[in-house]
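Secondary and tertiary structure notes
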Amino acid sequence: MNGDAAALWRPLAGLRRAALRRALLIDAAAVLPLALGLSAQAAALGGARAAAAVLVAALLGLVVAAVAHRRRHDRRWLLQALDARCPALEDSSALAVGVTLPAGTLAALQQARIRARLAGQLAQTRPQLCRQWPRRRLLRLLAVALLLVASAPLWSRLGAVLPALPPAAGQPAEAGGTRIVLARLAIQPPAYTGLPQHTVEALDAALPAGSRVDWRLTLDRRADAVALRFHDGSRLPLAYDGTAWTGSRVIDRASLYRIELGGAAALADDRGYRLDARADQPPEILVHAPAQTLTVVEAAPAEWSLDFEARDDYGLGAAELSLRLAQGAGDQLKLREQRLPLDGDGDDRRRRYRKTLDLKALGYAQGDDLIVQLAVSDRRATTPQRSQSPSLILRWPAAGSALSEGLEGAVQKVAPAYFRSQRQIILDTEALQAARPTISAERLLKDADAIGVDQKLLRLRYGEFLGEEFESGRPHEETAETAAPAAFGTEGDLLHDYGHVHNESEAATLMDPATKQLLRAALNEMWQAELQLRQARPDAALPYEYKALTLIKQVQQAERIHLARTGLELPPFDATRRLSGERAGLADSSRALDPPLDDDTPVPALLRQLDDARRLPVDTAPLLAWLQMHPETPDALGLLAAADRLRRDPACGDCRRALAARLWPLLPVPPAAVTARRQPDAAGRAWLEALPGTAPEAAR
């Protein structure tokens, strides 16, 4: 670093230290009052050791936060913050503090200009890089801390009389059964959610996924051992601290559990309890401007305004705007990509991102496509979830060429604009192969699968020119003799009988046979490339991608194709049979119904057992195994609880009806049925009976 850069870096380092101090002070102001309040509560419930443990945990949390802030507030953060706060630096603050470039070059002139602007900015009014004090949030935390300190003596007095309280509501006092005198769950949501710890006086709870749950149970009699048995077969032993049984576990997904006792009578209320874990949802992105994904302009626009809105259930993280400028066509195609960090307006859960792009500065010209996409992450601690907006395209079409005249049909270009996307897939695959030694196997599989999805979408778009409207990877030109007969009421049958069939080679008239053969070969290569990418083998996919690109170039060389003029050709009409009632030669169009669906769900068999009048014991084991394999089933915990109640009390009629009511919505969709012929009413029957030669039975 030379003298000019060092002179600039000294005040910049001071700005970075000030921002770091401000972040640490905000954390301390938020954590310490709350830690004092919680320590007061812990002292009232568990004594001095519990209070000391709370304070030590708070101090350790502050130390961890300080280390994290120090790593975050590095040189890269400082330069990004300067670029965001000072538009005059033109996103080039890194150039100002970098190595001096050779004199006389354009880069050196730009460096000198940026250094002068930065020096003037630092001399006049230094940019404010520190976070603003969250006064409202700190005041709320202080109020909560004061409330915790004030209510601590109440818990001490209440704990002295709790053992003498009667059983909790809803727990019958059966003779010989153990009762739960106190049941308390302390729920600590993950730190990234920003939710405070709270306590519920129940054994059922709804909580964010990843929360730590601390159980505290007090029984009316002594037991040798207490444990929690979860529906997945796991077991959590509880420890006795002299007054209550305690234990903790992190709940990542919805769970059903029961309390097991050792050395004591079973619980009087031996039911299962629910922990409903709410999964963290990825950010949701809305596009307010532009109104459509493709914007076509006829003249050079000066700028392009973008407006996005992002929402998240717990908090939004970093946002990044991706700019891709596609210039040229065919082999002369050039792609330039740029990524810009964005700062939105709003709170942590809902922000608005607005950006106006200077198209002249980007080098946008006629014939170019500018593709922008916003990516927003959330604040999940382990692996942040990332959402992307739809790609927004600004297109300035190139000057069109005159169509050929004297042709019998229409003239159309063979290759649309997106034919060039195969080259981008190759570039992405090469980049992934180059980075393969430095990334994990999980990241390799994820990135390769994403490129495979792009290859699949491109293959399906090409397939439209061959009449392929399905996701099979091979041409769909099966004849009526080779294809399986469709059942009554299916979509393919209706389209075949009454619609215009697109998956016939005669219907795909956009290309001549030679061109279609080339494109079909390109589709086969894309299919093989996608297969290798889905298996995380980018090196094996590249040969197929190169071959597909070569075939597409050959297709592009066929500049124009001829669309034959076709008209509607109806079968000849025999007027002599009109209104004659003659049915000779007409075939019966009725078809057999679809057979019942062969589904692996045990729901139909279980419903038949529940409907049995003999009230035989119901085997719920297949249902439990099926729910383990299908955790996405709606209200799976409620279904498990209903099945568990019936298993423990097979003679309970209400339990059978409750389980049947939950199973009914899970039945597979039945096949299409024949609609019964509508019977005529009294006036209709009288009209039919009055017809000559109609028997009264026929009218019915």
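Before reading on, note that the structure itself is shown above.
The written sequence of each chain sets the order in which its residues are numbered from 1. Local features in this predicted model are restricted to residues of pLDDT 70 or higher, and side-chain atom pairs are both shown and tallied only at a pLDDT of 80 or more, whereas totals for entire chains, interfaces and linings draw on every residue. As a rule here, side-chain values cover all heavy atoms of the structure and leave hydrogens and water aside.

**Brief notes about the packing of aromatic side chains**
Aromatic pairs are defined between Phe, Tyr and Trp rings, using the six-membered ring for Trp, whenever the two ring centres lie within 6.5 Å; interplanar angles under 30 degrees are classed as stacked, those over 60 as edge-to-face, and all others as tilted. Under the counting rule described, the total for this entry stands at 7 aromatic pairs. For the pair Tyr240 and Trp245, a centre-to-centre distance of 5.0 Å together with 45° between the ring planes defines the contact as tilted. Categorising residues by exposure relies on relative accessible area from a 1.4 Å probe, with only protein chains included: less than 20% of the type maximum marks a residue as buried, more than 50% marks it as exposed, and the intermediate range marks it as partly exposed. The class for Tyr240 is partly exposed, based on a relative accessible area of 43%. Judged by relative accessible area, Trp245 falls into the buried class, the value being 8%. Measuring from ring centre to ring centre gives 5.8 Å for Tyr257 and Tyr273, while their planes differ by 40°; the resulting arrangement is tilted. On the criterion of sequence distance, the pair formed by Tyr257 in strand β8 (residues 255-262) and Tyr273 in strand β9 (residues 273-278) is long-range, its members being 16 residues apart. As far as the burial class goes, Tyr257 and Tyr273 line up, both buried. An aromatic cluster is present here, built from Trp215, Phe230, Tyr257 and Tyr273 joined pairwise through their rings. For Arg249, the ring lying beneath its charged end belongs to Phe230, and the centroid distance is 4.3 Å. By the criteria applied, helices consist of DSSP H or I runs no shorter than four residues and strands consist of E runs no shorter than two, each listed in order from the N terminus. Only Lys NZ and Arg CZ are tested; either one counts as a charge over a ring when it is within 6 Å of the ring centre and within 35 degrees of the ring normal.

**Some remarks on the nonpolar core**
Here, nonpolar core refers to any group of buried Ala, Val, Leu, Ile, Met, Phe, Trp, Tyr and Cys residues whose side-chain atoms link them within 4.5 Å. In terms of nonpolar packing, the biggest core is built from 25 residues, with Trp304, Leu321, Tyr353, Leu357, Leu370, Val372 and Leu374 touching the most fellow members. Looking at this core element by element, the count peaks at 5 residues for strand β13 (residues 316-327). Here, two residues are considered to be in contact whenever any of their heavy atoms come within 4.5 Å of each other. Among residues more than four places away in sequence, those in contact with Val372 are Trp304, Leu306, Leu321, Ser322, Leu323, Leu357, Pro390, Ser391 and Leu392.

**Quick notes on unusual backbone geometry**
A cis amide bond links Ala289 to the next residue, Pro290, at an omega of 0°. Looking at where Pro290 falls in the secondary structure, it is placed in the loop between β10 (284-289) and β11 (294-296). The residue Ala536 is not glycine, and still its phi comes out positive at about 60°. A residue is classified by how much of its surface remains accessible, and Ala536, at 13% relative accessible area, is buried. One non-glycine residue with positive phi stands out, namely Asp635, at about 50°. For Asp635, the location among the structural elements is in the loop between α14 (621-629) and α15 (636-648). Exposure remark for Asp635: the relative accessible area of 37% places this residue in the partly exposed category.

**Digging into the sheet that holds strand β2 (residues 198-200)**
Each pair of strands is called paired provided DSSP finds at least two bridges between the two strands. The strand order across the open sheet formed by 9 strands is β2-β1-β4-β7-β6-β5-β8-β9-β3, and the pairing between neighbours is mixed. At either end of the open sheet lies a strand with only one pairing partner, and these are β2 and β3 (205-208). Averaged over all adjacent pairs, the angle separating strand axes in this sheet is 25°, with direction ignored. Relative to β9, β3 is paired through 4 bridges, and the arrangement is parallel. Across the sheet, residue Leu207 finds its bridge partner in β9, namely Ala277. Across the sheet, α15 touches β8 and β9, and the angle it forms with β8 is around 35°. Only C-alpha atoms enter the line fits that serve as axes; for helices the fit covers just the stretch in contact. Angles between N-to-C directions range over 0 to 180 degrees.

**Section: the pairing of strand β17 (residues 369-378)**
Most of β17 sits out of view: 10 of its 10 residues are buried. Where burial is concerned, the two faces of β17 agree: the one with Asp369, Ile371, Gln373, Ala375 and Ser377 and the one with Leu370, Val372, Leu374, Val376 and Asp378 are both buried. By the bridge criterion, 9 bridges tie β13 to β17 in an arrangement that is antiparallel. Bridge pairing links Ala319 to Val376 in β17. Where β17 lies against strand β19 (residues 392-395), 4 bridges are found, and the strand directions are antiparallel.

**A few points about the pattern of salt bridges**
One side-chain nitrogen of Lys or Arg within 4 Å of one carboxyl oxygen of Asp or Glu is enough to make a salt bridge. By the definition in use, this model includes 30 salt bridges. Notably, a salt bridge pairs Glu337 with Arg339, separated by 2.8 Å at the nearest N-O pair. Exposure remark for Glu337: the relative accessible area of 45% places this residue in the partly exposed category. Classification of Arg339 by relative accessible area gives partly exposed; the value is 45%. In this structure, the salt-bridge partner of Arg351 is Asp348, at a minimum N-O distance of 3.2 Å. You can call Asp348 partly exposed: its relative accessible area is 35%. Through salt bridges with shared partners, one network takes in Arg258, Asp270, Asp644, Arg647 and Arg648.

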